[in-house]
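Observations on chain architecture
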Amino acid sequence: MAAPTFTIPELKDDLAIPAIAAGAMAHSRPFVAKPEHQEPLGFPGELVEGWHDKAIAKMGDLLGKSRALRVFLDSCVKCGACTDKCHYFLGTGDPKNMPVARQDLMRQVYRRHFTLAGRFFPSLVGAKDLTREVLDDWYSYFHQCSQCRRCAVFCPYGIDTAEISMAGREIMDHIGMGQKYSNEIIGKVHKFGNNLGLQEKALRATLESLEDDMEEATGVRVRIPVNEKGAEVLLVTPSADFFASPHIEGLMGYAKVFHQAGIRWTVSSYASEAANFALFVGSYEQMHKIALRIRQAALDLGVKRIVFGECGHAWRVAYSFLNTLAGPWDFLDPAYPAPQHICEVTYDLIQKGVLAFDKSKNDDKVVTFHDSCNVARGSRMGEEPGGQFRIPREIIKACCNHFVDMRADTIGEKTYCCGGGGGLLTDDLMELRVKGAMPRMQALKEVVTGRGVTHMAAICAICKSQFSKVLPEYGMDMDMIVSVHQLVSNAIRIEPAKTTATA
Amino acid sequence: MSALTVTYALLFYAAAAVFILGLAYRIWLYARTPAPFKIPTPPAPVTRRGVVLRMAREVCLFESLYKANKWIWLFAMLFHAALVLVLLRHLRYFQEPVWTWVGLIQPFGLYAGFVMVVGLAGLWARRFLVERVRYITAPSDHLMLALFAAIGLSGLALKYGDRTDIVALKAFALGLMRFDWQPLPAEPVLLVHLALVALLMAVFPFSKLLHAPGVFFSPTRNQVDDARSRRHLARWAAAFDQGRP
Ligand code: SF4
Ligand code: SF4
Ligand code: SF4
């Protein structure tokens with residue numbers, strides 16, 4: 001890879017709020033989707049004739065469909081409470097990366113076309129026409145939002161900039177100005193069932209070799225079944241879990257948990273992807289289509305439960321939206337929530353005493369936990385509010401002797417995004433990704449130097465990939481990032497399968 | 001009946017109509033627009049009761065703002081709390097006899113006038129002093145602060161400057177409500193104060209003051225976190241259920 005052509009932010013002792021640097025990131029824009037990425041999703045191949053009117057019409061359509069959009073565009077008082085809350089602003093200083101300013105990119109057009117004040121007194125209320133210049137700003141800055149919702153936590157009206165950037169991308173898709181990275185991937189899921197374009201044969205081969213690896217390491221044959229009818233659990237996991245480190249170590253962890261608990265499970269080649277990138281482009285239709293693959297697979301395989309692997313936005317879609325998109329799940333076992341997170345499954349089994357650990361296997365590590373923003377701020381685990389913060393930590397503590405949390409204003413509901421979420425995990429946005437990771441890196445560095453932390457665990461495929469890439473940029477080792485179920489995998493005590501295994 | 005009285009009476013009827021109808025339309029729009037997804041920001045309440053409590057904390061204590069920024073919180077709290085007291089204090093102009101508790105808060109309402117102006121000054125100062133806030137400020141943001149400040153200052157001037165004929169003013173106010181117009185005292189400061197209040201009522205439904213109804217409709221704050229146990233389906237999204245497995 002070529003050396004970066006930008007300066008990597010220096011990690012200071014404190015997280016300072018930068019002075020504003022207008023236009024600092026105006027050049028950052030991801031590759032525009034080509035017709036072959038757009039058309040399979042039903043979007044125009046390139047910027048259409050009369051895009052202005054079509055964009056305004058689409059905006060009107062979305063305003064009628066989403067209360068959030070309408071209320072958020074009306075309610076901002078420009079108090080400034082959100083201005084220092086976005087990791088992209090903190091990392092770049094570009095004022096258009098302040099959440100309110102990002103919203104204003106859409107709000108100015110909304111005011112101009114949908115409010116009296118903006119129609120009659122545009123300059124007074126900061127209303128603007130959707131010029132080509134403004135459209136370019138949209139493309140640039142709506143793709144500098146990882147839709148992490150940190151701003152929404154602090155806004156007195158709960159204004160969620162993620163909703164705005166999703167709507168912005170949806171409008172741009174409809175006028176032929178989509179983002180290549182996300183739309184190409186969505187197309188692959190429709191075609192192959194996963195983001196990677198991995199087909200059943202290749203999937204089986206990969207998983208079989210994983211079984212061999214595990215057998216070699218443990219002496220026990222731990223299975224990773226594919227398309228097994230009549231299994232109790234369908235595991236839907238990000239396809240990264242099938243091929244890359246440290247994801248794959250996490251998958252081994254899930255396999256060992258199911259094995260040890262005697263739960264019959266399977267992955268599906270048809271729904272071999274937990275990720276649902278349609279969330280990032282704000283398309284209900286695409287999200288629905290991807291979610292239906294899971295419903296179909298669950299019906300075909302006759303499973304009783306659906307469990308999701310470690311993936312941040314996938315868990316948001318699963319926990320918060322799956323019932324809406326593809327429910328009701330009345331054909332599943334009502335004794336379990338539908339769907340469940342693998343962490344919920346593991347945690348319950350730990351509580352019941354089904355799993356035993358040799359914690360010393362992780363004694364070479366002092367572990368901290370990165371709350372993936374989509375899990376932290378877009379979902380829940382367990383029965384109690386805040387379970388999504390507690391349960392993964394309890395799992396880590398059950399299999400590690402040394403656990404340390406990062407600074408309180410960088411974890412839990414206030415966690416910083418890794419910098420690569422929301423459809424931005426692409427090489428054409430590397431500068432943004434590195435700079436946006438700064439707040440997380442700063443908090444991590446603090447516990448590395450102050451508390452001897454050696455590893456950071458995460459439960460999101462995007463986070464893991466992003467950290468593997470950016471940790472070295474900040475002078476840290478890429479192997480510091482581990483899967484939570486990798487720690488489980490290291491420490492869990494497993495025995496040969498009982499022959500009549502049931503749940 | 002003087003032309004002045006007629007003008008102001010009509011002005012207030014018009015302002016009230018714009019205020020009520022404009023706001024009602026906006027609220028109707030918010031209420032009618034479905035929320036396609038569950039998007040409460042966690043840790044979110046899992047019951048309706050929990051949501052009511054969350055909303056109460058948000059509206060009465062500005063919980064999220066407190067998390068975000070203590071200075072903004074302080075000035076916003078001073079301004080809004082004082083504004084509420086001042087508004088309640090003004091109730092006495094519209095009732096005969098005056099309710100006991102309205103009588104009791106009169107002295108506090110007076111201090112509140114000053115506090116309100118202090119809160120406004122703090123909020124306004126941030127628009128000049130904090131670079132980030134300066135960047136996001138539009139002319140209308142200054143004008144809105146100016147409007148509130150002018151209303152507050154003219155109100156204080158009425159109290160502490162030349163004594164206004166309160167009895168006549170009250171008669172005018174009651175007359176408006178009873179559609180039995182009474183003469184309005186022609187005192188310049190009072191006329192300014194009243195005109196500004198009418199202006200505020202008229203711009204309310206077209207301005208960022210919509211945050212007042214907006215907060216109650218904000219899906220990130222008013223939804224119950226029960227996505228797995230109850231299927232949430234917007235009307236327009238129900239069509240997607242057709243013909244699927
Ligand atoms: S915190 Fe909310 S109301 Fe305040 S400026 Fe940001 S988006 Fe607007
Ligand atoms: S959602 Fe996250 S990335 Fe987007 S503006 Fe808010 S804080 Fe920034
Ligand atoms: S990648 Fe991870 S931290 Fe970043 S947006 Fe997704 S869940 Fe959030």
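Keep in mind that this is a model prediction, so the values were computed, not measured. (Residues numbered from 1 in each chain as written. Chains lettered and ligands numbered in written order. Predicted model: local features only at pLDDT ≥ 70, side-chain atom pairs only at ≥ 80, totals over all residues. Heavy atoms only, no water.)

All names here are of chain A. Its location among the elements puts A274 in the loop between strand 2 (265–267) and helix 14 (284–301). Sequence spacing of A274 and A314 is 40 residues, and the spatial spacing of their C-alpha atoms is 5.5 Å. Non-local contacts of A274, meaning those with residues more than four positions away in its chain, are made with V236, T237, P238, F308 and A314. (Helix = DSSP H or I, 4+ residues; strand = E, 2+ residues; numbered from the N terminus. Contact = heavy atoms within 4.5 Å.)

Another aspect to go through is the site of ligand 1. Neighbouring residues of ligand 1: 13 residues in total, closest C76, C79, G80, C82 and C155 of chain A. Residues that form the shell around ligand 1 fall into these classes: ten nonpolar, two polar and one charged. (Near = heavy atom within 4 Å. Nonpolar A, V, L, I, M, F, W, Y, C, P; charged D, E, K, R; others polar.)

We now examine helix 1 (residues 3–32) of chain B. The terminal C-alpha atoms of helix 1 of chain B, which comprises 30 residues, lie 43 Å apart, in line with the 44 Å expected from a rise of 1.5 Å per residue. Along helix 1 of chain B, the residues that are buried comprise T5, Y8, A9, F12, A15, G22, L23, R26, L29 and Y30 of chain B. Those residues of helix 1 of chain B hidden inside the fold are in contact with helix 3 (67–75) and helix 5 (99–114) of chain A together with helix 9 (166–178), helix 10 (188–203) and helix 11 (211–217) of chain B. (Expected span 1.5 Å × (residues − 1). Buried < 20%, exposed > 50% of the residue type's maximum accessible area, 1.4 Å probe, protein only.)

In this section: the domain arrangement of chain A. All names here are of chain A. Examined at the domain level, chain A breaks down into domain 1 (35–178) and domain 2 (186–491). Here the C-alpha centroids of domain 1 and domain 2 sit 30 Å apart. In this complex, domain 1 contributes 23 residues to the contact, which on the side of domain 2 involves 31 residues. When the two sides are added together, the surface that domain 1 and domain 2 hide from each other amounts to roughly 2200 Å², 59% of it contributed by carbon and sulfur. Here domain 1 is connected to domain 2 by zero salt bridges. At the boundary of domain 1 and domain 2, one finds eleven residue pairs in polar contact (both at pLDDT 80 or more). Elements supplying a minimum of two residues to the side of domain 1 that touches domain 2: helix 4 (87–92), helix 9 (150–154) and helix 10 (161–174). Split by residue class, the side of domain 1 that touches domain 2 holds nine nonpolar, seven polar and seven charged. (Domains from an automatic or database assignment. Buried area = accessible area lost by both parts, 1.4 Å probe. Salt bridge = Lys/Arg side-chain N within 4 Å of Asp/Glu carboxyl O. Polar contact = N/O pair within 3.5 Å; in protein donor to acceptor, adjacent residues only side chain to side chain.)

Turning to the pattern of salt bridges, a few remarks are in order. Scanning the model with the defined rule gives 41 salt bridges over all chains in all. Here R132 of chain B ties to D84 of chain A by a salt bridge, and the two come within 4.0 Å at their closest N and O atoms. With one member in each of two chains, R132 of chain B in helix 7 (residues 131–136) and D84 of chain A in the loop between helix 3 and helix 4 form a pair that bridges those chains. For D84 of chain A, a relative accessible area of 15% translates into the label buried. Each member of the salt-bridge network shares a partner with another, and the members are K58, D61, K65 and E170 of chain A.

Here we take up the packing of helix 4 (residues 70–90) of chain B against helix 6 (residues 106–129) of chain B. Packed helices, taken two at a time, are described by the angle between their axes plus the distance between the axes. Residues and elements named next belong to chain B. Their axes nearest at 7 Å, the elements helix 4 and helix 6 cross at an angle of 145°. Considering only the axes of helix 4 and helix 6, their crossing is left-handed. Considering only residue class, the contact of helix 4 with helix 6 consists of 18 nonpolar, five polar and two charged. (Axes fitted to C-alpha atoms, helices over the stretch in contact; angles between N-to-C directions. Left-handed = near helix turned anticlockwise from the far one by under 90°.)

This part takes up the interface of chain B and chain A. With 60 residues of chain B at the contact, the number on the chain A side is 84 residues. Of all residues in chain B, F37, R132 and R228 of chain B bury the most surface against chain A, accounting for 15% of the area lost on that side. The interface formed by chain B and chain A includes five salt bridges. For the salt bridge of R228 of chain B with E344 of chain A, the shortest nitrogen-to-oxygen distance reads 2.8 Å. Where chain B meets chain A, there are 35 residue pairs in polar contact (both at pLDDT 80 or more). Counting only elements with at least two residues in the side of chain B that touches chain A, the list comes to helix 1, helix 3 (63–68), helix 6, helix 7, helix 8 (139–160), helix 11 and helix 12 (219–222) of chain B. Of the residues forming the side of chain B that touches chain A, the biggest block, five residues, is contributed by helix 7 of chain B. Within the side of chain B that touches chain A, the residues separate by chemical class into 33 nonpolar, eleven polar and 16 charged.

This part is about the sheet that holds strand 3 (residues 305–308) of chain A. All names here are of chain A. Taking strand neighbours across the sheet as the criterion, the four strands line up as 2-1-3-4 in an open arrangement whose pairing is parallel. For this open sheet the edge positions go to strand 2 and strand 4 (340–341), each flanked by a neighbour on one side alone. By the bridge criterion, two bridges tie strand 3 to strand 4 in an arrangement that is parallel. Considered in strand 4, the bridge of V307 is made with Q340. The sheet contacts of helix 13 (residues 247–261) involve strand 1 (233–236), strand 2 and strand 3, and relative to strand 1 the element is tilted by about 170°. (Pairing = 2+ DSSP bridges.)

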